[in-house]
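Survey of secondary and tertiary structure
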Amino acid sequence: MRTDLFDFDLPEDRIALYPAEPRDSARLLVVNGGTLDHRRAGDLPDLLQPGDALVLNNTRVIPAALEGVRVRGALRAGVDFTLIKRVDQGRWRAFARPAKKLEPGDRIEFGAGLGATMTQKADAGEVELQFDVSAAELDAAIAAVGHMPLPPYIALKRGTATEDAASYQTIFAAKDGAVAAPTAGLHMTPELFASLDARGVSRHFVTLHVGAGTFLPVKTEDTADHIMHSEWGEVSAETAAALNDVRKRGGRVVAVGTTSLRLLESAARVDGSVEPWAGDTAIFITPGYRFKAVDVLMTNFHLPRSTLFMLVSAFSGRETMQAAYAEAIRDHYRFYSYGDACLLFPAAAGAG
């Protein structure tokens, strides 16, 4: 499909630079066919049914933004890195800015004794770093020198604040490895979980270590030419069995975030059941995709021409989502990672 079909104009002042406080006070646009309902994230229990199941991504964001100095003989130059995917115990792929200052073989110093060698350079500023330490020692060193990797549409406007270490992390984050937050989960609070429990909505966790490439705009003219970055994920046997039981009893699977949805769809069989699964996924969902494992989707508002706006267009219909986003912009909803959310129901068969 043509990428420009997924474009829209977003005023700069609609981009949220700080999260709602409390988290569940964020606005929630309910999109069900041609019907739009303006609610709050805290209303989620009223919008679901007893027996439904929430699926949340329990990945934990690591401090993946690193400030480095390239050392080449007597020459030194500052370079910023955002780690995007672990290759092995001692190597990471990363985005470098400005990448033009780097060549394979360059030494990078990050401070606190952490150093690396740049071993590869690819397109779009992507490089590979071989660190001098590995495994747990590397994890500890990154934690000591790194910063929370806020998306550029936030970080370039206001920098990183101390509060972001907590704000850009879900309250249920458990497994280190993401370099971007599963942002729909940021709206969850203990009080909202308690209300969902009282409503009879069960809660289940999967893990997808979100990479920064997920949020990049598609630069090809046709979606078929876009190459997705892969991300590692896992659906446990316990979660798969629980979700299959929910479906058998007539409940709905409600994915909190596109990361949860993409992982469940990667683990789904043709009949819609979910199997235990672990590995890399580069699933790219565009209109025409047949969803198998997810019945309802809670997600934030996404960038124009992004793979995530294509995904929600596949789920609820492209024309429906264009109309919903236009309404959200008119009504001053807050967009992107720290912004408001949508609760999406699937498009009717044949909807555009």
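Look up a bit, the structure's there.
The structure contained in this document is the topic of the report that follows. Values in this document were obtained by computation on a predicted structure and should not be read as measured data.

We now examine the pattern of salt bridges. By the definition in use, this model includes 25 salt bridges. Of the charged contacts in the structure, one is a salt bridge between Lys85 and Asp280, with a shortest N-O distance of 3.3 Å. In this pair, Lys85 sits in strand 6 (residues 75-86) while Asp280 sits in strand 15 (residues 277-281), placing the two residues 195 residues apart along the sequence. Since its relative accessible area comes to 16%, Lys85 is described here as buried.

All right, on to the pairing of strand 17 (residues 341-344) then. Both faces of the sheet carry side chains from a regular strand, because those side chains alternate between them. Of the two faces of strand 17, the one carrying Ala341 and Leu343 and the one carrying Cys342 and Leu344 are both buried. Bridge count for strand 1 (residues 27-32) against strand 17 is four bridges, and the pairing is parallel. When the sheet's bridge partners are listed, Leu29 is paired in strand 17 with Cys342. In this structure, strand 16 (residues 296-300) lies alongside strand 17, joined through four bridges in antiparallel fashion. Residue pairing in the sheet places Met298 in a bridge with Leu343 of strand 17.

Moving on to the environment of Thr286. Within the fold, Thr286 resides in the loop between strand 15 and strand 16. Taking C-alpha positions, Thr286 is 25 Å from Asp37, a pair spaced 249 residues apart along the chain.

Along the polypeptide, Asp106 turns up in the loop between strand 7 (91-97) and strand 8 (107-111). The class of Asp106 is buried, set by a relative accessible area of 5%. Setting aside anything within four residues of it in sequence, one finds Asp106 in contact with Arg70, Arg72, Lys101, Ala116, Thr117 and Met118.

This next bit is on the packing of aromatic side chains. Applying the stated criterion to the full structure yields 16 aromatic pairs. With 4.7 Å between their ring centres and 55° between their planes, Tyr153 and Tyr336 make a pair best called tilted. Placement of Tyr153 in helix 3 (residues 152-158) and of Tyr336 in the loop between helix 9 (318-330) and strand 17 is noted, with a sequence separation of 183 residues between them. This pair shows no difference in class: Tyr153 is buried, exactly as Tyr336 is. Where Tyr325 meets Phe335, the ring centres are 5.6 Å apart and the plane angle is 85°; that geometry is what we call edge-to-face. Separated by 10 residues along the polypeptide, Tyr325 in helix 9 and Phe335 in the loop between helix 9 and strand 17 bring together distant segments of the chain. For the pair formed by Tyr325 and Phe335, the shared burial category is buried. Three or more aromatic residues link up through ring pairs in this structure, and these residues are Phe8, Tyr153, Phe301, Phe309, Tyr325, Tyr333, Phe335 and Tyr336. One residue, Arg27, lies across the ring of Tyr333, its end atom 3.9 Å from the ring centre.

With that settled, the discussion passes to the environment of Phe6. Within the fold, Phe6 resides in the segment before strand 1. Sequence separation between Phe6 and Thr299 is 293 residues; the distance between their C-alpha atoms is 17 Å. What Phe6 contacts, discounting residues up to four positions off in sequence, is Met1, Thr223, Pro287, Pro304, Arg305, Phe309, Met310, Ser313, Arg318 and Gln322.

The next thing to look at is the packing of helix 8 (residues 307-316) against helix 9. What describes two packed helices is the angle between their axes and the distance between those same axes. In the contact formed by helix 8 and helix 9, the axes pass within 7 Å of each other and the chain directions differ by 115°. In the packing of helix 8 onto helix 9, the handedness of the crossing is right-handed. Across the interface between the two elements, Phe309, Val312, Ser313 and Ser316 of helix 8 pack against Arg318, Thr320, Met321, Gln322 and Tyr325 of helix 9. Split into classes, the residues belonging to the contact of helix 8 with helix 9 amount to four nonpolar, four polar and one charged.

The next point concerns the packing of helix 7 (residues 258-267) against helix 8. At a closest axis distance of 11 Å, the pairing of helix 7 and helix 8 adopts a crossing angle of 65°. The angle between helix 7 and helix 8 falls in the class roughly perpendicular. Seen along the crossing, helix 7 lies across helix 8 with a hand that is left-handed. Listed contacts from helix 8 to Thr258, Leu261 and Arg262 of helix 7 are Leu308, Leu311 and Phe315.

Let us look at the environment of Val210. Looking at where Val210 falls in the secondary structure, it is placed in the loop between strand 12 (202-208) and strand 13 (231-235). You can call Val210 buried: its relative accessible area is 0%.

Taking 1.5 Å as the rise per residue, helix 6 (residues 237-248) with 12 residues should run 16 Å; its terminal C-alpha atoms sit 17 Å apart, in good agreement. Within helix 6, burial applies to Thr239, Ala240, Leu243, Asn244 and Val246. The buried residues of helix 6 occupy an angular sector of 155° when projected down its axis, which confines them to one face. For helix 6, the exposed residues lying more than 90 degrees away from the buried face are Glu238 and Lys248. Where helix 6 is buried, its residues contact strand 3 (53-57), strand 12, strand 13, strand 14 (253-256) and helix 7.

Definitions and limits used
- Residues numbered from 1 in each chain as written.
- Predicted model: local features only at pLDDT ≥ 70, side-chain atom pairs only at ≥ 80, totals over all residues.
- Heavy atoms only, no water.
- Salt bridge = Lys/Arg side-chain N within 4 Å of Asp/Glu carboxyl O.
- Helix = DSSP H or I, 4+ residues; strand = E, 2+ residues; numbered from the N terminus.
- Buried < 20%, exposed > 50% of the residue type's maximum accessible area, 1.4 Å probe, protein only.
- Pairing = 2+ DSSP bridges.
- Contact = heavy atoms within 4.5 Å.
- Phe/Tyr/Trp six-rings, centres within 6.5 Å; stacked < 30°, edge-to-face > 60°.
- Lys NZ or Arg CZ within 6 Å of the ring centre and 35° of its normal.
- Axes fitted to C-alpha atoms, helices over the stretch in contact; angles between N-to-C directions.
- Left-handed = near helix turned anticlockwise from the far one by under 90°.
- Nonpolar A, V, L, I, M, F, W, Y, C, P; charged D, E, K, R; others polar.
- Parallel < 35°, antiparallel > 145°, perpendicular 65-115°, else oblique.
- Expected span 1.5 Å × (residues − 1).
- Arc of directions from axis to C-beta.

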